[in-house]
Number of protein chains: 2
Amino acid sequence: MCQLLGMNCNVPTDICFSFEGFQLRGGVTDHHKDGWGIAFFEGRGCRVFLDAKATIESPVAELVRRYPIHSKNVIAHIRKATQGRVALENCHPFKRELWGGYWVFAHNGNLEDFQPAFSGSLRPVGDTDSECAFCCLLDRLRLAFPNGSPAIADLSAALRTVTAEIAGHGLFNFLLSNGEWMFAHCSDRLHYLTRQSPFREAHLIDQDMTVDFSAVTRPDDKVTVIASVPLTDNETWTAMHPGELLLFREGEAVFGI
Amino acid sequence: MCQLLGMNCNVPTDICFSFEGFQLRGGVTDHHKDGWGIAFFEGRGCRVFLDAKATIESPVAELVRRYPIHSKNVIAHIRKATQGRVALENCHPFKRELWGGYWVFAHNGNLEDFQPAFSGSLRPVGDTDSECAFCCLLDRLRLAFPNGSPAIADLSAALRTVTAEIAGHGLFNFLLSNGEWMFAHCSDRLHYLTRQSPFREAHLIDQDMTVDFSAVTRPDDKVTVIASVPLTDNETWTAMHPGELLLFREGEAVFGI
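In short, a report on the structure. Everything quoted here is computed from the prediction, not taken from an experiment. (Residues numbered from 1 in each chain as written. Chains lettered and ligands numbered in written order. Predicted model: local features only at pLDDT ≥ 70, side-chain atom pairs only at ≥ 80, totals over all residues.)

## Regarding the overall build of chain A
Scanning chain A for helices and strands turns up 4 helices and 15 strands. By the compact-globule yardstick of 18 Å for 257 residues, chain A fits well, its C-alpha radius of gyration being 17 Å. In terms of overall dimensions, chain A has C-alpha extents of about 50 × 40 × 30 Å along its principal axes. Of all 257 residues assigned to chain A, the portion counted as buried reaches 49%. The contacts of chain A with a sequence gap of at least 6 include a subset with a gap of at least 24, amounting to 72%. (Helix = DSSP H or I, 4+ residues; strand = E, 2+ residues; numbered from the N terminus. Rg over C-alpha atoms; globule rule 2.2 N^0.38 Å. Buried ≥ 20, exposed ≤ 12 C-beta atoms within 10 Å, placed from the backbone. Contact = placed C-beta atoms within 7 Å.)

Below you can see the structure in the form of structure tokens.
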């Protein structure tokens, strides 16, 4: 099984601290060695760094660790292959365009007997259940709202419907973002944490590293980090419930949508 | 105006030597400082490195120079903005999916009064004439062959038709690849060179650097490099003719298609 990492903020923020711990799970503190990837939204643009190597052996991961890209929405993934061979086309996150904007998706879980029909506007390139699910999500959203992006309540309702349908095929923990919203769905394992004023120190689980966020933030900053397994051992992470789909925007969960 | 660099090979090859000279045009030997990008096909997968910084200031360009990614099809671009602001979403190459495979595109030129209608299966994200042209190309190909990738002769014929139409709006030098074929269209400025046995030394124009390809190749290797302006000063580059669309596969031009 894979691991997910997401970040949603109200100001462009670098993910270096969280990625520092997360990337060690790609071969040191855990065994997810079948590739990895990370996507950064920057305005309307989005860049995805992928490597079919383990994070700990990847020169691209080294770049990401050292080059603090500032983004309001980041999705990262380290892969332990279940379906689909170890290959670049099977590395998450996947990125596609919908309604004139980029969408990014990463999945942790395993879907069985899942062969959805596609309308013809997009198809998977690789052979994972994950990319197939992402294409299915976007295809269904495009069909439901052919004229463009709907209001968030309508988008959320449509997403809940197709998510529940796909989750009937197995474990479907995922992160999905369009650069404005971050959607997080939990089947069995997803945690989140919102950092805001007053900021404190945080200490990584996967290595002995501490950051004092009060020294590197402004009072209005809000940053939510979402991870399969908590990344720090001195902060209170919230475990999501099975079947829960949360929406994050500007650094915090938005309920009631 | 921008500069293009493409490589098409019969074995996965690194582009480090060509990129070494090319990247200097992003601010040292030429003035293309408004972003850059490079796409590498690896099997069915494709990764794109983008940066809105000039190549000479970009940590990502530094990674690409030092990390020899082996690929049979590479497209790179350095940008001097004509249409569209300096932003990540406007950096080439652009990547989209068609018929279950990735397609990559980069453009040098300027298109005026170009507002094509789209069928609804894809739209531009940024605001360049270039991404608009790429979406137009793919949209028209998808509409012409809704059931999947056609034979190369049919694909080529359809591509020639829509290319000629778009080129009516201005300068339209482009590189387009689906990981198997590399298509190169010249409006006013595009050169290519095929390296094959017997291999010799090549010397860059943009800096005093020489590689002896006989020492780093096998006898059957074939590598075609395509560039807006020749990259070496001791090899014979072929200037493409205005209006010419060439197809490259397995490292060499394929004529008569």
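## Describing the interface of chain A and chain B
At the interface, 26 residues of chain A touch 26 residues of chain B. When contributions to the side of chain A that touches chain B are tallied by element, the ones reaching two or more residues are β3 (45–51), α2 (59–66), β5 (94–98) and β6 (101–111) of chain A. When its residues are assigned to classes, the side of chain A that touches chain B shows 12 nonpolar, 7 polar and 7 charged. (Nonpolar A, V, L, I, M, F, W, Y, C, P; charged D, E, K, R; others polar.)

## Some points on the environment of H185 of chain A
Residues and elements named next belong to chain A. Within the secondary structure layout, H185 lies in strand β8 (residues 181–185). Taking C-alpha positions, H185 is 7.3 Å from F172, a pair spaced 13 residues apart along the chain. Setting aside anything within four residues of it in sequence, one finds H185 in contact with T163, F172, N173, F174 and L245.

## Some points on the relation of the copies chain A and chain B
When chain A is fitted onto chain B, the two copies agree to an RMSD of 0.0 Å after a turn of 180 degrees and an axial shift of 0.0 Å. Taken together, the rotation and translation describe the operation of a two-fold axis. Across chain A, the rotation axis passes nearest the C-alpha of S121 of chain A, at a separation of 2.4 Å. When the interface residues of chain A are mapped onto chain B, 100% of them again lie at the interface, so the same face is used by both copies. (Least-squares fit on C-alpha atoms with pLDDT ≥ 70 in both.)

## Things to note about the nonpolar core
Residues L175 and A184 of chain A together with L175 and A184 of chain B are the most contacted members of the largest nonpolar core, which totals 140 residues. What A184 of chain B contacts, discounting residues up to four positions off in sequence, is G6, L175, L190, Y192, I226, M240, L246 and F248 of chain B. (Core = buried A, V, L, I, M, F, W, Y, C linked by C-beta atoms within 7 Å.)

## Brief notes about the sheet that holds strand β14 (residues 245–249) of chain B
All names here are of chain B. One open sheet holds the 6 strands; their spatial order is β5-β6-β7-β8-β14-β15, and the pairing between them is antiparallel. Two strands bound the open sheet, and with one partner strand each, they are β5 (94–98) and β15 (252–254). Each strand of the sheet is rotated relative to its neighbour by a mean of 30 degrees, with strand direction disregarded. Where strand β8 (residues 181–185) meets β14, 5 bridges bridge the pair, whose relative direction is antiparallel. (Pairing = 2+ DSSP bridges. Axes fitted to C-alpha atoms, helices over the stretch in contact; angles between N-to-C directions.)

## What about the sheet that holds strand β1 (residues 3–13) of chain B?
Residue and element names in this part refer to chain B. Here we have 7 strands laid out as an open sheet, ordered β3-β2-β4-β1-β12-β9-β13, and antiparallel in their pairing. Because the sheet does not close on itself, it has two edges, and the strands there are β3 (45–51) and β13 (238–239). As paired elements, strand β9 (residues 191–196) and β13 share 2 bridges and run antiparallel to each other. By the bridge assignment for β13, Y192 is matched with T238. Against the sheet, helix α2 (residues 59–66) makes contact with β2 (36–42) and β3, and its axis sits at roughly 135 degrees relative to β3, the strand it touches most.

## Observations regarding the environment of G126 of chain A
Residue and element names in this part refer to chain A. Here G126 lies in the loop between β6 and α3 (129–144). The class of G126 is buried, set by 21 C-beta atoms lying within 10 Å. Sequence-wise, G126 and E89 are 37 residues apart; in three dimensions their C-alpha atoms are separated by 5.1 Å.

## Here's the deal with helix α4 (residues 152–167) of chain B
A rise of 1.5 Å per residue sets the reference length of α4 of chain B, with its 16 residues, at 22 Å; its end C-alpha atoms lie 21 Å apart and thus fit the reference within 8%. The inward-facing, buried residues of α4 of chain B abut β6 (101–111), α3 (129–144), β7 (170–177), β8 and β14 of chain B. (Expected span 1.5 Å × (residues − 1).)

## Side note on unusual backbone geometry
A cis geometry characterises the amide bond from S197 of chain A onward to P198 of chain A, with omega recorded as -5 degrees. Tracing the backbone through its elements, the reader meets P198 of chain A in the loop between β9 (191–196) and β10 (201–203). At the junction of H92 of chain B and P93 of chain B, the peptide bond is cis and its omega measures out at -5 degrees in the coordinates. Mapped onto the fold, P93 of chain B is located in the loop between β4 (71–78) and β5. Although it is not a glycine, D113 of chain A adopts a positive phi angle of roughly 50 degrees. Among the secondary structure elements, D113 of chain A is positioned in the loop between β6 and α3. Overall, the presence of 8 C-beta atoms within 10 Å leaves D113 of chain A in the exposed class. Although it is not a glycine, E250 of chain B adopts a positive phi angle of roughly 55 degrees. Inspection of the secondary structure assignment puts E250 of chain B in the loop between β14 and β15. For E250 of chain B, a count of 14 C-beta atoms within 10 Å corresponds to the partly exposed category.

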